[in-house]
Amino acid sequence: MAGTDQYAQWVARRIRTFAQVPSGTPLVWQAARLYQHTRRLAERPRGHGAEDALAALALSTSIYHEARWSGVLQAVREGATIEEIAIALGISIDDARDLIHRIQGRELELKRYFQQARP
């Protein structure tokens, strides 16, 4: 998702669930929307911000998952050890190893898929 028209569609999109955040939406777009919703929540009287609260939950979840996925891949590519990644994430070494393998496996699947999809 990129470009002026796509950004306008993103800004107009109603966000109430994690599933309503399209895959590939730039993190900076998501962060800007999260900021807008949380700012409105802070300015509203209690009980009048369910729409913003749900959007903030959905966007923060999306940002968390996207940043974690991308961060782990970047750390591995830059030579971080499994132990360093585990410490950065606050998880066990075994959990970090499993996470890295899942992410790398999924990246490989996506790469193969897109290679086959090209004409």
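Since this is a predicted model, take the numbers as computed values, not measurements.

Draft legend 1. Structural view of the overall build of the protein chain. Along its length, the protein chain carries 5 helices and 0 strands. Reading the protein chain from its N end, one meets helices and strands in the order α-α-α-α-α. Each principal axis of the C-alpha distribution contributes one length, and for the protein chain these read about 45 × 45 × 20 Å. Within the span of the protein chain, comprising 119 residues, buried residues form 22% of the whole. The contacts in the protein chain between residues at least 6 apart in sequence include a share of 49% that link residues at least 24 apart. Accessible area of the protein chain: about 8,300 Å², with a carbon and sulfur share of 55%. Here the protein chain contributes 16 positive and 13 negative side-chain charges, whose respective centroids are spaced 8 Å apart.

Draft legend 2. Just helix α2 (residues 27-43), in detail. Taking 1.5 Å of rise per residue, 17 residues should cover 24 Å, and α2 covers 24 Å from first to last C-alpha, within 8% of that figure. Residues of α2 that are buried in the fold lie against α1 (4-12) and α3 (50-77).

Draft legend 3. Representation of the side chain of Ser62 in the model. Within the secondary structure, Ser62 is located in helix α3. The class for Ser62 is buried, based on a relative accessible area of 8%. Those residues within four positions of Ser62 in sequence are excluded, and the remaining contacts are Phe18, Val21 and Gln30.

Draft legend 4. Spotlight on the packing of aromatic side chains. As enumerated under the stated definition, the model contains 2 aromatic pairs in all. Aromatic side chains Tyr7 and Trp29 sit 4.9 Å apart centroid to centroid with 70° between the ring planes, which places their arrangement in the edge-to-face category. In this pair, Tyr7 is assigned in helix α1 and Trp29 in helix α2, connecting sequence segments 22 residues apart. Plain terms: the ring middles of Tyr113 and Phe114 are 5.2 Å apart, the flat faces sit at 75° to each other, and that makes the pair edge-to-face. Judged by relative accessible area, which is 49%, Phe114 ranks as partly exposed. The side chain of Arg33 reaches across the aromatic face of Trp10, ending 5.1 Å from its centre.

Draft legend 5. Representation of the pattern of salt bridges in the model. For the coordinates displayed, the defined rule picks out 7 salt bridges. Put simply, Glu109 and Arg106 hold a salt bridge, and the shortest N to O gap is 3.2 Å. Of this pair, Glu109 and Arg106 are both found in helix α5 (residues 93-117), 3 residues apart, which corresponds to roughly one turn of the helix. Overlapping salt bridges, with partners in common, bring together Arg14, Arg16 and Glu51 in one network.

Definitions and cut-offs
Residue positions are given per chain, counting from 1 as you read along its sequence in written order. With the structure being a predicted model, the display of local features is reserved for residues of pLDDT at least 70 and the display and counting of side-chain atom pairs for 80 or more, all residues being used for whole-chain, interface and lining totals. Excluding hydrogens and water, the side-chain figures rest on all heavy atoms present in the structure. Where helices and strands are cited, they refer to DSSP runs of H or I of at least four residues and of E of at least two residues respectively, numbered from the N terminus. Any residue under 20% of the maximum accessible area for its type is buried, any over 50% is exposed, and the rest in between are partly exposed; the area is computed with a 1.4 Å probe on protein chains only. Residue contacts are counted whenever heavy atoms from the two residues lie within 4.5 Å of one another. Exposure was quantified through the Shrake-Rupley algorithm and a 1.4 Å probe, taking into account, for residues, occlusion by the shown protein chains and nothing else. By the counting rule applied here, Lys and Arg register as positive and Asp and Glu as negative, while His and the ends of each chain are not counted. For the purpose of locating charges, the reference atoms are NZ of Lys, CZ of Arg, CG of Asp and CD of Glu. To estimate how far a helix should extend, the number of its residues minus one is multiplied by 1.5 Å. In summary, the pairing rule links any two rings of Phe, Tyr or Trp, Trp by its six-membered ring, whose centres are within 6.5 Å, and it sorts them by plane angle into stacked for under 30 degrees, edge-to-face for over 60 and tilted for everything else. The criterion is that NZ of a Lys, or CZ of an Arg, lies within 6 Å of the ring centre and within 35 degrees of the ring normal, and then a charge sits over that ring. Whenever a carboxyl oxygen of Asp or Glu lies within 4 Å of a side-chain nitrogen of Lys or Arg, that contact is scored as a salt bridge.

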